[in-house]
Amino acid sequence: MHELALAEEVLIIAEQQAIQHSLSTINSIKLTIGALSCVEPEALRWALEVTLENTLADHAEIQLTIAPGKGKCGGCGATFAVTELPAACPQCQNWQTQILAGQDMVVQQLTGTE
Amino acid sequence: MCGICGCESTTHEHTDQSHHLHSHDSHDHAKDEHAAPETETVQQELSSTRLIDVEARIQARNDSYAEQIRTRLAANQVWACNLLSSPGAGKTTLLVETIKALQPAIPLMVIEGDQQTDNDAQRIRQTGTPAVQINTGKVCHLDAHAVLHQLDHPALTESAILFIENVGNLICPAAFDLGEQARVCIISVTEGDDKPLKYPDAVLGSDLLIISKTDLAPYVDFDIGRCATNARKINPKIDVITLSAKTGEGTTPWIDWIKASRQHYRQTSTLLTA
Ligand SMILES: Nc1nc2c(ncn2[C@@H]2O[C@H](COP(=O)(O)OP(=O)(O)O)[C@@H](O)[C@H]2O)c(=O)[nH]1
Ligand SMILES: [Mg+2]
Ligand SMILES: [Zn+2]
Ligand SMILES: [Zn+2]
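(A) Here's a closer look at the overall build of chain A. Counting its regular elements, chain A contains 2 helices and 6 strands. Computed over its C-alpha atoms, the radius of gyration of chain A comes to 17 Å, more than 25% above the 13 Å expected for a compact globule of 114 residues. Its C-alpha atoms give chain A principal-axis dimensions of roughly 55 × 25 × 15 Å. Considering chain A as a whole, with its 114 residues, one finds that 52% of them fall into the buried category. As displayed, chain A offers around 5200 Å² of accessible surface, 47% of which is attributable to carbon and sulfur atoms. One way to put it: in chain A the 4 positive side-chain charges average out to a point 19 Å from where the 13 negative ones average out.

(B) Main features of the coordination of the zinc ion (ligand 3). Residues and elements named next belong to chain A. With distances of 2.3 Å, the protein atoms coordinating the zinc ion (ligand 3) are Cys 73 (SG), Cys 76 (SG), Cys 89 (SG) and Cys 92 (SG). Here the zinc ion (ligand 3) is ringed by 4 donor atoms whose angles at the metal span 103 to 119 degrees, and the overall shape comes out tetrahedral. Counting along the primary sequence, the residues that act as donors to the zinc ion (ligand 3) give the motif C-x2-C-x12-C-x2-C.

(C) Layout of the sheet that holds strand β3 (residues 69–73) of chain A. All names here are of chain A. Here 3 strands make up an open sheet; going across it, the order is β4-β3-β5 and the pairing antiparallel. Taken across any chain shown, the strands that pair with only one partner, and hence form the sheet edges, are β4 (79–82) and β5 (97–101). Pairs of neighbouring strands in the sheet enclose a mean axial angle of 40 degrees, with direction left out of account. Across 4 bridges, β3 lies against β5 in antiparallel orientation. From the neighbouring strand, Lys 72 faces β5, where its bridge partner is Gln 98.

(D) Here's a closer look at a nonpolar patch on the surface. Residues and elements named next belong to chain A. Nonpolar side chains collect at one region of the surface, where Met 1, Trp 46 and Val 50 lie side by side and expose about 290 Å² of accessible area between them. Here Trp 46 shows up in helix α2 (residues 41–52). By relative accessible area, Trp 46 is classed as partly exposed at 45%.

(E) Structural view of the site of ligand 1. Residues and elements named next belong to chain B. Close contacts around ligand 1 come from 16 residues, with Gly 88, Lys 91, Thr 92, Thr 93 and Asp 215 the closest. Note that an oxygen atom of ligand 1 is positioned 3.1 Å from one of the side-chain N or O atoms of Arg 123. Ala 245 places a main-chain nitrogen or oxygen 3.0 Å from an oxygen atom of ligand 1. When ligand 1 is considered free in solution it has 580 Å² of accessible area, and contact with the protein chains removes 71% of it. Per-class residue counts for the shell around ligand 1 are 4 nonpolar, 6 polar and 6 charged.

(F) Seen up close, the nonpolar core. Counting 52 residues, the largest nonpolar core has B:Leu162, B:Phe163, B:Val184, B:Trp254, B:Trp257 and B:Ile258 as its most contacted members. A:Ala14, A:Ala57, A:Val107 and B:Val54 belong to the second-largest nonpolar core, a separate cluster that totals 32 residues.

(G) Looking closely at the sheet that holds strand β6 (residues 182–188) of chain B. Residues and elements named next belong to chain B. Pairing within the open sheet is parallel, and its 7 strands lie in the order β4-β3-β5-β2-β6-β7-β8. Looking at strand neighbours, the two that pair on one side only are β4 (131–135) and β8 (239–242), the edges of this open sheet. The mean inter-strand angle of the sheet, taken between neighbouring strand axes irrespective of direction, is 20 degrees. Of the pairings in the sheet, the one linking strand β2 (residues 79–85) to strand β5 (residues 161–165) comprises 5 bridges and is parallel in character. Each residue of the ladder has a partner; that of Trp 79, found in β5, is Ile 161. Across the sheet, helix α3 (residues 91–102) lies against β2, β3 (108–114), β5, β6 and β7 (208–212), angled at about 170 degrees from β5, the strand it touches most. Sitting on the sheet, helix α8 (residues 224–234) is in contact with β7 and β8, with an inclination near 160 degrees to β7.

(H) Highlighting unusual backbone geometry. The amide bond that connects A:Leu85 to the next residue, A:Pro86, takes the cis arrangement and shows omega of -5 degrees. Tracing the backbone shows A:Pro86 in the loop between β4 and β5. The omega torsion of the bond from B:Gln103 to B:Pro104 falls at 5 degrees, within 30 degrees of zero and hence cis. On the secondary structure map, B:Pro104 appears in the loop between α3 and β3.

(I) Structural view of the interface of chain B and chain A. At the junction of the two partners, chain B supplies 37 residues and chain A supplies 43 residues. Between chain B and chain A the total buried area reaches about 3700 Å² when both faces are included, carbon and sulfur atoms providing 61% of it. Linking chain B to chain A there are 2 salt bridges. Ionic pairing is found between B:Arg50 and A:Glu114, a salt bridge with its closest N-O pair at 3.2 Å. Linking chain B to chain A there are 12 residue pairs in polar contact (both at pLDDT 80 or more). Going through the elements one at a time, β1 (49–57), α7 (200–204) and α8 of chain B are the ones with two or more residues in the side of chain B that touches chain A. For the side of chain B that touches chain A, the element with the most residues is β1(B), which contributes 9 residues. Class assignment for the residues of the side of chain B that touches chain A results in 17 nonpolar, 12 polar and 8 charged. Here strand β6 (residues 105–113) of chain A runs beside β1(B); their pairing, made up of 7 bridges, is antiparallel. Residue A:Thr113 lies in a different strand from β1(B), and its bridge partner there is B:Thr49.

(J) Representation of the side chain of B:Arg183 in the model. Residue and element names in this part refer to chain B. Here Arg 183 shows up in strand β6. Looking at Arg 183, its side chain comes within polar contact range of the main-chain oxygen of Ala 174, at 3.1 Å. Within polar-contact distance, the side chain of Arg 183 engages the side chain of Glu 180 at 2.8 Å. Setting aside residues up to four positions removed in sequence, Arg 183 forms contacts with Asn 82, Leu 84, Pro 173, Ala 174, Phe 176, Asp 177, Gly 205, Ser 206, Asp 207 and Leu 208.

Reading the values: rules and limits
Residues numbered from 1 in each chain as written. Chains lettered and ligands numbered in written order. Predicted model: local features only at pLDDT ≥ 70, side-chain atom pairs only at ≥ 80, totals over all residues. Heavy atoms only, no water. Helix = DSSP H or I, 4+ residues; strand = E, 2+ residues; numbered from the N terminus. Rg over C-alpha atoms; globule rule 2.2 N^0.38 Å. Buried < 20%, exposed > 50% of the residue type's maximum accessible area, 1.4 Å probe, protein only. Areas by Shrake-Rupley, 256 points an atom, 1.4 Å probe, with all protein chains shown as cover. Lys, Arg positive; Asp, Glu negative; His and termini not counted. Charge placed at Lys NZ, Arg CZ, Asp CG, Glu CD. Donors = N, O, S within 2.8 Å, 3.2 Å for Na, K, Ca; no water. Tetrahedral: all angles 85-135°; square planar, octahedral: opposite > 155°, others 65-115°. Pairing = 2+ DSSP bridges. Axes fitted to C-alpha atoms, helices over the stretch in contact; angles between N-to-C directions. Patch = residues over 30% accessible without salt bridge, like charges linked within 9 Å, V, L, I, M, F, W, Y side chains within 5 Å. Salt bridge = Lys/Arg side-chain N within 4 Å of Asp/Glu carboxyl O. Near = heavy atom within 4 Å. Polar contact = N/O pair within 3.5 Å; in protein donor to acceptor, adjacent residues only side chain to side chain. Nonpolar A, V, L, I, M, F, W, Y, C, P; charged D, E, K, R; others polar. Core = buried A, V, L, I, M, F, W, Y, C linked by side-chain atoms within 4.5 Å. Contact = heavy atoms within 4.5 Å. Buried area = accessible area lost by both parts, 1.4 Å probe.

This is the structure in C-alpha coordinates:
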(Lines give C-alpha, C1' and ligand atoms only; values in the text may rest on other atoms or scores of the structure.)
(Ligands and ions follow the chains in the order given, each with its own letter.)
Protein backbone atom coordinates (compact mmCIF):
# COMPACT_ATOMS: atom_id res chain seq x y z
CA MET A 1 0.00 0.00 0.00
CA HIS A 2 2.47 2.64 -1.11
CA GLU A 3 -0.59 4.69 -2.04
CA LEU A 4 -0.76 5.71 1.64
CA ALA A 5 2.79 7.06 1.43
CA LEU A 6 1.93 8.89 -1.78
CA ALA A 7 -1.21 10.34 -0.21
CA GLU A 8 1.00 11.59 2.61
CA GLU A 9 3.15 13.39 0.04
CA VAL A 10 0.05 14.98 -1.49
CA LEU A 11 -0.88 16.28 1.96
CA ILE A 12 2.62 17.68 2.47
CA ILE A 13 2.44 19.48 -0.87
CA ALA A 14 -1.04 20.82 -0.04
CA GLU A 15 0.15 22.05 3.36
CA GLN A 16 3.14 23.80 1.83
CA GLN A 17 0.89 25.52 -0.68
CA ALA A 18 -1.50 26.50 2.09
CA ILE A 19 1.31 28.18 4.03
CA GLN A 20 2.67 29.87 0.92
CA HIS A 21 -0.70 31.22 -0.14
CA SER A 22 -2.21 31.74 3.33
CA LEU A 23 -5.01 29.23 2.86
CA SER A 24 -6.85 27.92 5.88
CA THR A 25 -8.81 25.26 4.04
CA ILE A 26 -8.15 23.21 0.91
CA ASN A 27 -11.36 22.55 -1.00
CA SER A 28 -10.18 20.54 -3.96
CA ILE A 29 -7.02 18.85 -5.24
CA LYS A 30 -6.44 18.04 -8.88
CA LEU A 31 -4.07 15.16 -9.56
CA THR A 32 -2.73 13.60 -12.73
CA ILE A 33 -1.62 9.99 -12.44
CA GLY A 34 0.21 8.38 -15.32
CA ALA A 35 -1.42 5.25 -16.72
CA LEU A 36 1.96 3.51 -16.31
CA SER A 37 2.79 4.85 -12.86
CA CYS A 38 2.65 2.17 -10.20
CA VAL A 39 -0.53 3.55 -8.69
CA GLU A 40 -3.96 2.04 -8.46
CA PRO A 41 -6.28 5.08 -8.76
CA GLU A 42 -8.96 3.64 -6.49
CA ALA A 43 -6.39 2.75 -3.85
CA LEU A 44 -5.00 6.30 -4.03
CA ARG A 45 -8.51 7.75 -3.63
CA TRP A 46 -9.05 5.66 -0.54
CA ALA A 47 -5.60 6.51 0.83
CA LEU A 48 -6.28 10.24 0.34
CA GLU A 49 -9.61 9.97 2.10
CA VAL A 50 -7.90 8.41 5.13
CA THR A 51 -4.87 10.69 5.07
CA LEU A 52 -6.67 14.00 4.60
CA GLU A 53 -9.11 13.32 7.43
CA ASN A 54 -8.77 15.92 10.22
CA THR A 55 -6.36 18.05 8.21
CA LEU A 56 -6.92 21.36 6.49
CA ALA A 57 -7.82 19.34 3.40
CA ASP A 58 -10.48 17.26 5.14
CA HIS A 59 -13.29 16.49 2.65
CA ALA A 60 -11.38 18.12 -0.19
CA GLU A 61 -12.75 17.07 -3.57
CA ILE A 62 -10.22 14.84 -5.33
CA GLN A 63 -10.11 15.23 -9.10
CA LEU A 64 -8.06 12.41 -10.50
CA THR A 65 -7.08 12.34 -14.16
CA ILE A 66 -5.24 9.45 -15.78
CA ALA A 67 -2.49 10.69 -18.09
CA PRO A 68 -2.08 8.43 -21.13
CA GLY A 69 1.02 6.31 -21.52
CA LYS A 70 3.20 6.61 -24.61
CA GLY A 71 5.80 4.27 -26.04
CA LYS A 72 8.35 4.25 -28.84
CA CYS A 73 9.21 1.15 -30.81
CA GLY A 74 12.90 0.25 -30.69
CA GLY A 75 12.45 -1.58 -34.01
CA CYS A 76 10.58 0.72 -36.42
CA GLY A 77 10.54 3.94 -34.38
CA ALA A 78 6.76 4.28 -34.29
CA THR A 79 5.26 6.07 -31.29
CA PHE A 80 1.99 4.78 -29.88
CA ALA A 81 -0.36 4.86 -26.90
CA VAL A 82 0.41 2.40 -24.12
CA THR A 83 -2.33 1.56 -21.64
CA GLU A 84 -0.56 -1.28 -19.86
CA LEU A 85 2.67 -3.26 -19.87
CA PRO A 86 3.93 -5.15 -21.73
CA ALA A 87 3.02 -3.38 -24.96
CA ALA A 88 3.92 -4.56 -28.47
CA CYS A 89 4.39 -2.12 -31.34
CA PRO A 90 1.13 -1.86 -33.30
CA GLN A 91 3.14 -1.33 -36.53
CA CYS A 92 5.70 -4.13 -36.45
CA GLN A 93 4.51 -6.23 -33.49
CA ASN A 94 7.88 -6.40 -31.76
CA TRP A 95 8.38 -5.89 -28.03
CA GLN A 96 11.21 -3.33 -28.04
CA THR A 97 9.01 -0.67 -26.46
CA GLN A 98 10.65 2.23 -24.72
CA ILE A 99 8.32 4.15 -22.40
CA LEU A 100 8.20 7.88 -23.20
CA ALA A 101 5.34 9.05 -20.99
CA GLY A 102 2.76 7.89 -18.49
CA GLN A 103 4.82 7.33 -15.34
CA ASP A 104 4.46 10.73 -13.68
CA MET A 105 2.29 11.51 -10.67
CA VAL A 106 1.60 15.22 -10.30
CA VAL A 107 -0.42 17.55 -8.10
CA GLN A 108 -1.66 19.93 -10.79
CA GLN A 109 -3.88 22.44 -9.01
CA LEU A 110 -5.74 23.03 -5.82
CA THR A 111 -8.40 25.40 -4.61
CA GLY A 112 -8.50 26.76 -1.10
CA THR A 113 -10.03 29.38 1.13
CA GLU A 114 -8.03 32.10 2.87
CA MET B 1 16.00 19.37 13.91
CA CYS B 2 17.39 16.66 11.77
CA GLY B 3 20.97 17.42 10.84
CA ILE B 4 21.02 14.94 8.01
CA CYS B 5 18.06 15.91 5.90
CA GLY B 6 17.21 19.22 7.54
CA CYS B 7 13.74 17.95 8.16
CA GLU B 8 12.57 20.33 10.85
CA SER B 9 10.04 21.76 8.46
CA THR B 10 6.39 21.93 9.39
CA THR B 11 5.52 19.22 6.95
CA HIS B 12 7.36 16.01 7.53
CA GLU B 13 6.58 12.51 8.69
CA HIS B 14 3.09 12.82 9.96
CA THR B 15 1.77 9.38 10.54
CA ASP B 16 2.72 6.88 13.13
CA GLN B 17 3.74 4.48 10.38
CA SER B 18 6.22 6.78 8.78
CA HIS B 19 7.42 7.92 12.17
CA HIS B 20 8.53 4.36 12.62
CA LEU B 21 11.19 5.02 10.04
CA HIS B 22 12.89 7.57 12.23
CA SER B 23 15.15 5.69 14.50
CA HIS B 24 16.96 8.67 16.01
CA ASP B 25 15.79 9.20 19.56
CA SER B 26 16.28 12.91 19.30
CA HIS B 27 14.21 13.03 16.21
CA ASP B 28 10.70 13.02 17.39
CA HIS B 29 9.25 15.63 15.13
CA ALA B 30 6.13 13.75 14.21
CA LYS B 31 3.88 14.49 17.11
CA ASP B 32 2.63 18.06 17.05
CA GLU B 33 2.99 18.90 13.42
CA HIS B 34 -0.46 17.92 12.70
CA ALA B 35 -2.33 20.27 14.97
CA ALA B 36 -5.73 20.74 13.43
CA PRO B 37 -6.07 24.07 11.67
CA GLU B 38 -8.25 26.76 13.21
CA THR B 39 -11.52 26.01 11.57
CA GLU B 40 -14.05 28.35 13.11
CA THR B 41 -12.69 31.71 12.08
CA VAL B 42 -14.94 34.72 11.99
CA GLN B 43 -13.60 35.57 8.57
CA GLN B 44 -15.01 32.41 7.05
CA GLU B 45 -17.97 34.31 5.66
CA LEU B 46 -15.86 36.89 3.89
CA SER B 47 -13.17 34.56 2.71
CA SER B 48 -12.52 33.94 -0.95
CA THR B 49 -11.74 30.78 -2.82
CA ARG B 50 -8.47 30.75 -4.70
CA LEU B 51 -7.15 28.51 -7.44
CA ILE B 52 -3.46 27.65 -7.17
CA ASP B 53 -1.41 26.13 -9.98
CA VAL B 54 0.86 23.71 -8.17
CA GLU B 55 2.49 21.45 -10.80
CA ALA B 56 4.40 19.47 -8.15
CA ARG B 57 5.51 15.87 -8.64
CA ILE B 58 4.22 13.69 -5.83
CA GLN B 59 7.57 11.95 -5.49
CA ALA B 60 9.61 15.18 -5.56
CA ARG B 61 10.51 14.91 -1.87
CA ASN B 62 11.63 11.28 -2.11
CA ASP B 63 13.61 12.07 -5.24
CA SER B 64 15.41 14.98 -3.60
CA TYR B 65 16.50 12.65 -0.77
CA ALA B 66 17.54 10.09 -3.39
CA GLU B 67 19.62 12.79 -5.06
CA GLN B 68 21.31 13.55 -1.72
CA ILE B 69 22.11 9.84 -1.36
CA ARG B 70 23.60 9.75 -4.88
CA THR B 71 25.81 12.73 -4.05
CA ARG B 72 27.00 11.12 -0.82
CA LEU B 73 27.69 7.81 -2.55
CA ALA B 74 29.60 9.49 -5.38
CA ALA B 75 31.71 11.48 -2.92
CA ASN B 76 32.79 8.17 -1.36
CA GLN B 77 32.88 6.17 -4.60
CA VAL B 78 30.33 3.80 -3.09
CA TRP B 79 28.27 1.67 -5.50
CA ALA B 80 24.79 0.88 -4.18
CA CYS B 81 22.48 -1.92 -5.25
CA ASN B 82 18.76 -2.10 -4.36
CA LEU B 83 17.36 -5.66 -4.19
CA LEU B 84 13.63 -6.14 -4.85
CA SER B 85 11.60 -9.33 -4.62
CA SER B 86 8.54 -10.95 -3.12
CA PRO B 87 9.00 -12.23 0.44
CA GLY B 88 11.09 -15.38 0.45
CA ALA B 89 12.55 -15.20 -3.07
CA GLY B 90 15.99 -15.55 -1.51
CA LYS B 91 17.39 -12.02 -1.16
CA THR B 92 19.10 -12.54 2.18
CA THR B 93 20.43 -15.99 1.28
CA LEU B 94 21.89 -14.61 -1.95
CA LEU B 95 23.33 -11.61 -0.13
CA VAL B 96 25.14 -13.87 2.34
CA GLU B 97 26.66 -15.91 -0.51
CA THR B 98 27.51 -12.73 -2.42
CA ILE B 99 29.26 -11.26 0.58
CA LYS B 100 31.34 -14.43 0.99
CA ALA B 101 32.43 -14.16 -2.65
CA LEU B 102 33.32 -10.46 -2.51
CA GLN B 103 34.96 -10.03 0.87
CA PRO B 104 37.58 -9.12 1.90
CA ALA B 105 38.73 -7.69 -1.45
CA ILE B 106 35.90 -5.13 -1.55
CA PRO B 107 34.54 -3.35 1.56
CA LEU B 108 30.84 -4.16 1.96
CA MET B 109 27.90 -2.65 3.82
CA VAL B 110 24.27 -3.73 4.02
CA ILE B 111 21.00 -1.98 4.82
CA GLU B 112 18.19 -4.42 5.56
CA GLY B 113 14.56 -3.45 5.19
CA ASP B 114 11.83 -5.50 6.84
CA GLN B 115 8.54 -4.61 8.44
CA GLN B 116 9.67 -6.23 11.69
CA THR B 117 12.65 -7.99 13.33
CA ASP B 118 16.37 -7.60 12.74
CA ASN B 119 16.82 -11.28 11.82
CA ASP B 120 18.18 -10.49 8.37
CA ALA B 121 20.69 -7.92 9.64
CA GLN B 122 21.89 -10.55 12.11
CA ARG B 123 22.29 -13.10 9.31
CA ILE B 124 24.41 -10.58 7.42
CA ARG B 125 26.52 -9.64 10.47
CA GLN B 126 27.47 -13.30 10.92
CA THR B 127 29.54 -12.91 7.74
CA GLY B 128 31.49 -10.07 9.38
CA THR B 129 29.94 -7.42 7.14
CA PRO B 130 28.28 -4.48 8.94
CA ALA B 131 24.51 -4.33 8.54
CA VAL B 132 21.81 -1.97 9.76
CA GLN B 133 18.18 -2.91 9.97
CA ILE B 134 15.38 -0.53 9.06
CA ASN B 135 12.00 -1.64 10.39
CA THR B 136 9.28 -0.01 8.37
CA GLY B 137 6.40 -1.07 10.61
CA LYS B 138 3.19 -0.99 8.57
CA VAL B 139 4.98 0.56 5.59
CA CYS B 140 5.68 -1.89 2.80
CA HIS B 141 8.76 -0.32 1.18
CA LEU B 142 11.95 1.60 1.92
CA ASP B 143 12.02 5.26 0.98
CA ALA B 144 14.98 7.52 0.33
CA HIS B 145 14.52 9.45 3.56
CA ALA B 146 14.85 6.30 5.69
CA VAL B 147 17.94 5.19 3.77
CA LEU B 148 19.55 8.62 3.94
CA HIS B 149 19.25 8.50 7.72
CA GLN B 150 21.15 5.22 7.83
CA LEU B 151 24.07 6.24 5.62
CA ASP B 152 26.09 7.27 8.68
CA HIS B 153 25.52 4.13 10.74
CA PRO B 154 28.29 3.17 10.25
CA ALA B 155 29.90 5.87 8.14
CA LEU B 156 30.30 5.06 4.46
CA THR B 157 33.55 3.26 3.72
CA GLU B 158 35.45 4.60 0.75
CA SER B 159 34.94 2.46 -2.41
CA ALA B 160 32.51 0.11 -0.66
CA ILE B 161 29.55 -1.71 -2.12
CA LEU B 162 26.28 -0.92 -0.33
CA PHE B 163 23.59 -3.57 -0.70
CA ILE B 164 20.07 -2.47 0.20
CA GLU B 165 17.65 -5.34 0.74
CA ASN B 166 14.22 -3.82 0.27
CA VAL B 167 11.07 -4.97 2.07
CA GLY B 168 9.78 -8.18 0.49
CA ASN B 169 7.18 -6.82 -1.91
CA LEU B 170 7.23 -6.57 -5.68
CA ILE B 171 4.85 -3.62 -5.95
CA CYS B 172 5.51 -0.77 -3.54
CA PRO B 173 9.35 -0.57 -3.50
CA ALA B 174 9.28 -0.01 -7.27
CA ALA B 175 7.89 3.49 -6.74
CA PHE B 176 10.78 4.69 -4.55
CA ASP B 177 14.17 5.72 -5.90
CA LEU B 178 16.75 5.11 -3.17
CA GLY B 179 19.60 6.82 -4.99
CA GLU B 180 21.00 3.42 -5.96
CA GLN B 181 23.24 2.78 -8.95
CA ALA B 182 21.69 -0.60 -9.75
CA ARG B 183 18.28 -2.11 -9.11
CA VAL B 184 17.97 -5.88 -9.12
CA CYS B 185 14.69 -7.77 -9.21
CA ILE B 186 14.70 -11.37 -7.98
CA ILE B 187 12.04 -13.91 -8.96
CA SER B 188 12.40 -17.50 -7.73
CA VAL B 189 11.36 -20.47 -9.83
CA THR B 190 8.59 -21.35 -7.36
CA GLU B 191 6.75 -18.13 -8.17
CA GLY B 192 5.62 -18.77 -11.75
CA ASP B 193 7.22 -17.66 -15.02
CA ASP B 194 4.45 -15.11 -15.64
CA LYS B 195 5.47 -13.09 -12.58
CA PRO B 196 7.07 -10.31 -14.68
CA LEU B 197 3.70 -9.84 -16.41
CA LYS B 198 1.89 -9.67 -13.10
CA TYR B 199 4.33 -7.16 -11.56
CA PRO B 200 5.63 -5.11 -14.49
CA ASP B 201 6.69 -2.03 -12.50
CA ALA B 202 9.47 -3.83 -10.61
CA VAL B 203 10.80 -5.27 -13.88
CA LEU B 204 10.52 -1.99 -15.77
CA GLY B 205 12.65 -0.17 -13.20
CA SER B 206 15.33 -2.87 -12.79
CA ASP B 207 18.71 -3.26 -14.45
CA LEU B 208 18.94 -6.98 -13.78
CA LEU B 209 16.48 -9.82 -13.29
CA ILE B 210 17.78 -12.73 -11.22
CA ILE B 211 15.85 -15.97 -11.59
CA SER B 212 16.69 -17.69 -8.32
CA LYS B 213 16.44 -21.14 -6.72
CA THR B 214 17.20 -22.92 -10.00
CA ASP B 215 18.01 -26.04 -7.96
CA LEU B 216 14.23 -26.32 -7.48
CA ALA B 217 13.45 -25.96 -11.20
CA PRO B 218 13.04 -29.73 -11.81
CA TYR B 219 10.23 -29.83 -9.25
CA VAL B 220 8.10 -26.98 -10.57
CA ASP B 221 6.59 -25.97 -13.89
CA PHE B 222 8.69 -22.90 -14.43
CA ASP B 223 10.01 -22.12 -17.90
CA ILE B 224 13.14 -20.01 -17.33
CA GLY B 225 13.26 -18.94 -20.99
CA ARG B 226 9.65 -17.82 -20.90
CA CYS B 227 10.20 -15.84 -17.69
CA ALA B 228 13.18 -14.04 -19.28
CA THR B 229 11.16 -13.34 -22.45
CA ASN B 230 8.29 -11.94 -20.39
CA ALA B 231 10.69 -9.67 -18.51
CA ARG B 232 12.26 -8.40 -21.76
CA LYS B 233 8.83 -7.60 -23.21
CA ILE B 234 8.43 -5.14 -20.34
CA ASN B 235 12.02 -3.93 -20.21
CA PRO B 236 14.01 -4.74 -23.39
CA LYS B 237 17.24 -3.58 -21.73
CA ILE B 238 17.07 -5.78 -18.64
CA ASP B 239 19.90 -8.27 -18.05
CA VAL B 240 18.94 -11.76 -16.91
CA ILE B 241 20.96 -14.14 -14.73
CA THR B 242 19.74 -17.50 -13.43
CA LEU B 243 21.29 -18.92 -10.28
CA SER B 244 20.94 -20.98 -7.14
CA ALA B 245 22.27 -19.46 -3.95
CA LYS B 246 22.00 -22.93 -2.40
CA THR B 247 24.20 -24.87 -4.83
CA GLY B 248 26.22 -21.89 -6.07
CA GLU B 249 25.29 -22.68 -9.66
CA GLY B 250 25.24 -19.48 -11.73
CA THR B 251 26.55 -17.20 -9.02
CA THR B 252 29.79 -16.38 -10.89
CA PRO B 253 27.97 -14.38 -13.62
CA TRP B 254 26.19 -12.47 -10.83
CA ILE B 255 29.46 -11.61 -9.09
CA ASP B 256 30.92 -10.59 -12.47
CA TRP B 257 27.84 -8.45 -13.15
CA ILE B 258 28.34 -6.64 -9.82
CA LYS B 259 32.01 -6.02 -10.54
CA ALA B 260 31.38 -4.78 -14.08
CA SER B 261 28.54 -2.48 -13.03
CA ARG B 262 30.60 -1.09 -10.14
CA GLN B 263 33.61 -0.60 -12.40
CA HIS B 264 31.51 1.28 -14.94
CA TYR B 265 30.06 3.51 -12.22
CA ARG B 266 33.45 4.28 -10.73
CA GLN B 267 34.88 5.20 -14.10
CA THR B 268 32.00 7.43 -15.14
CA SER B 269 31.64 9.11 -11.73
CA THR B 270 35.39 9.81 -11.63
CA LEU B 271 35.13 11.39 -15.06
CA LEU B 272 32.25 13.54 -13.84
CA THR B 273 33.98 14.76 -10.71
CA ALA B 274 37.40 15.21 -12.35
N1 LIG C 1 16.26 -24.50 -2.55
C2 LIG C 1 16.65 -23.25 -2.39
N3 LIG C 1 16.16 -22.53 -1.34
C4 LIG C 1 16.57 -21.27 -1.20
C5 LIG C 1 17.47 -20.64 -2.10
N6 LIG C 1 17.68 -19.36 -1.71
C7 LIG C 1 16.93 -19.19 -0.61
N8 LIG C 1 16.26 -20.31 -0.28
C9 LIG C 1 15.32 -20.53 0.85
O10 LIG C 1 14.20 -19.68 0.68
C11 LIG C 1 13.75 -19.20 1.94
C12 LIG C 1 13.70 -17.67 1.95
O13 LIG C 1 15.02 -17.15 1.76
P14 LIG C 1 15.45 -15.69 2.20
O15 LIG C 1 16.84 -15.51 1.75
O16 LIG C 1 15.15 -15.46 3.64
O17 LIG C 1 14.46 -14.81 1.31
P18 LIG C 1 14.14 -13.23 1.36
O19 LIG C 1 12.86 -13.08 2.10
O20 LIG C 1 13.99 -12.82 -0.07
O21 LIG C 1 15.29 -12.55 2.03
C22 LIG C 1 14.71 -19.74 2.99
O23 LIG C 1 14.13 -20.89 3.54
C24 LIG C 1 15.94 -20.10 2.15
O25 LIG C 1 16.68 -21.16 2.71
C26 LIG C 1 17.99 -21.44 -3.19
O27 LIG C 1 18.78 -21.00 -4.03
N28 LIG C 1 17.52 -22.72 -3.29
MG1 LIG D 1 15.33 -11.16 3.68
ZN1 LIG E 1 7.63 -1.11 -34.47
ZN1 LIG F 1 14.24 13.39 9.39
